[in-house]
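Each chain, letter by letter, is given below.
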Amino acid sequence: MSAIAPARISSVLFACTHNSIRSPMAEGLLKMLHGKTLYVDSAGVREGDADPFVTAVMAELGVDMSRHHCKTFDQLQDDSFDLVISLSPEAQHKAVEMTRTMACDVEFWHTFDPSLVEGNREARLDAYRQVRDTILKRLKDRFPDG
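Below you will find a few notes about this structure. For clarity, every value in this text was computed on a predicted model and none was experimentally measured.

Considering the sheet that holds strand β4 (residues 105–108)
Read across the open sheet, the four strands follow the order β2-β1-β3-β4; overall the sheet is parallel. Two strands in the sheet have a free side with no partner beyond their single neighbour: β2 (39–44) and β4. Shown here is a sheet whose adjacent strand axes are inclined to one another by a mean of 20°, direction ignored. Pairing between strand β1 (residues 11–16) and strand β3 (residues 83–86): four bridges, direction parallel. Bridging across to β3, L13 finds its partner in V84. Helix α1 (residues 22–34) contacts β1 and β2 of the sheet and is inclined by roughly 155° relative to β1.

The following block contains the structure:
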């Protein structure tokens, strides 16, 4: 008897509080890794504004975030996803609510909010880089090549 293979994931939604830092980073990184094979989007629980530090640290990896526009769950063009990965507690509550009306898996990757770091520009950029690199490692572990 053979084991049943898990369902193939073809669409992923990343969610955080304002869709301005963590979820757009995750969206951009997963598109960089698997954008040809996965549909990837991101959303926030509440409206937010694009964060210039995100644009700066993502550009270091060749990911252009200059056209990212923050959006809420209500503003999503498509609301059918195989997997929702929430990056903040507030987004996790919203993602669990979604499972009442949509068949999807939900994972909670509690991720530090780098906007809480104070200090000079370089100290703040380092905090954003740390979050970016942590998300990138998790994505590579969760979505290996192949």
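Some words on the pattern of salt bridges
This structure, assessed with the given rule, holds eleven salt bridges. For the salt bridge of D41 with K71, the shortest nitrogen-to-oxygen distance reads 2.8 Å. With a gap of 30 residues between them, D41 in strand β2 and K71 in the loop between α2 (52–59) and β3 connect regions that are remote in the sequence. Both residues of the pair, D41 and K71, count as buried. For the salt bridge of D133 with R132, the shortest nitrogen-to-oxygen distance reads 2.8 Å. A relative accessible area of 37% places D133 in the partly exposed class. Judged by its relative accessible area of 6%, R132 is buried. What you see here is one network of salt bridges that share partners, running through E60, E122, D126, R129, R132 and D133.

The rules behind each value
- Residues numbered from 1 in each chain as written.
- Predicted model: local features only at pLDDT ≥ 70, side-chain atom pairs only at ≥ 80, totals over all residues.
- Heavy atoms only, no water.
- Pairing = 2+ DSSP bridges.
- Helix = DSSP H or I, 4+ residues; strand = E, 2+ residues; numbered from the N terminus.
- Axes fitted to C-alpha atoms, helices over the stretch in contact; angles between N-to-C directions.
- Contact = heavy atoms within 4.5 Å.
- Salt bridge = Lys/Arg side-chain N within 4 Å of Asp/Glu carboxyl O.
- Buried < 20%, exposed > 50% of the residue type's maximum accessible area, 1.4 Å probe, protein only.

Read these as layout, nothing more, since geometry by itself doesn't imply function.
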